[in-house]
Amino acid sequence: METDCNPMELSSMSGYEEGSELNGFEGTDVKDMRLEAEAVVNDVLFAVNNMFVSKSLRCADDVAYINVETKERNRYCLELTEAGLKVVGYAFDQVDDHLQTPYHETVYSLLDTLSPAYREAFGNALLQRLEALKRDGQS
């Protein structure tokens, strides 16, 4: 597995510094994937019943887990990696290693396949936004 490495970052990480933010993983890729997961949640929270980054499944530098409950009340545990998002369980905080589901490049694509009510909520939100832009353009 390849990882991006900035040579400038290596010099600041070369030694262990007591009290350093790096000792608690602050400023490393672990936080970046968790931030990416939070951004995913914030993007589509309006169109699902519940969605949050898992606090019990451990995030790593290359993976985060998101729990989602659709408007149809179906629960899923999603895995977020650089490859995209995929369903890894059919309950919150559940990872089934034997589950074979495809990756989706975006959360929109994944939810579009899982939830007809998401599709409707997303379409309605888009329509409302377009109508608001039209009203603003006419004033």
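Residues numbered from 1 in each chain as written. Predicted model: local features only at pLDDT ≥ 70, side-chain atom pairs only at ≥ 80, totals over all residues. Heavy atoms only, no water.

**Structural notes on the overall build of the protein**
Note the following rule: Each helix is a run of H or I in the DSSP string that is no shorter than four residues. Each strand is a run of E no shorter than two, and both are numbered from the N terminus. Burial classes follow relative accessibility: with a 1.4 Å probe on protein chains only, a residue under 20% of its type's maximum area counts as buried, one over 50% as exposed, and anything between as partly exposed. Contact between two residues is taken to exist if any of their heavy atoms lie within 4.5 Å; hydrogens are not considered. Areas reported here follow the Shrake-Rupley algorithm with a probe of radius 1.4 Å; residue values treat only the protein chains shown as occluding.
What the protein contains, in helices and strands, is four helices and four strands. Element order for the protein, N to C, with α for helix and β for strand: α-α-β-β-β-β-α-α. In the protein, which comprises 139 residues, the share counted as buried stands at 32%. In the protein, once contacts between residues fewer than 6 apart in sequence are set aside, the share between residues at least 24 apart is 35%. For the protein, the accessible area works out to roughly 9,500 Å², and carbon and sulfur atoms hold 49% of it.

**Structural notes on the layout of surface pockets**
Empty space among the atoms becomes apparent when a probe as large as a water molecule is rolled across them. To keep it simple, the criterion reads: Points on a 1 Å grid, built from protein atoms alone, make a cavity when a 1.4 Å probe fits but cannot get out and make a pocket when they are open with protein on both sides within 12 Å along at least 5 of 7 lines; residues with an atom within 4 Å of a point are the lining residues. Grid points are joined across faces, edges and corners, and a volume is the space filled by probe spheres set on the points. Classification used: nonpolar for Ala, Val, Leu, Ile, Met, Phe, Trp, Tyr, Cys and Pro, charged for Asp, Glu, Lys and Arg, polar for all others including Gly.
The calculated volume of the second largest pocket comes to roughly 200 Å³. Those elements that place two or more of their residues in the lining of the second largest pocket are α2 (29–44), β3 (75–81), β4 (84–89) and α3 (107–114). With four residues, α2 is the single largest residue contributor to the lining of the second largest pocket. Here the lining of the second largest pocket is composed, by residue class, of six nonpolar, four polar and four charged.

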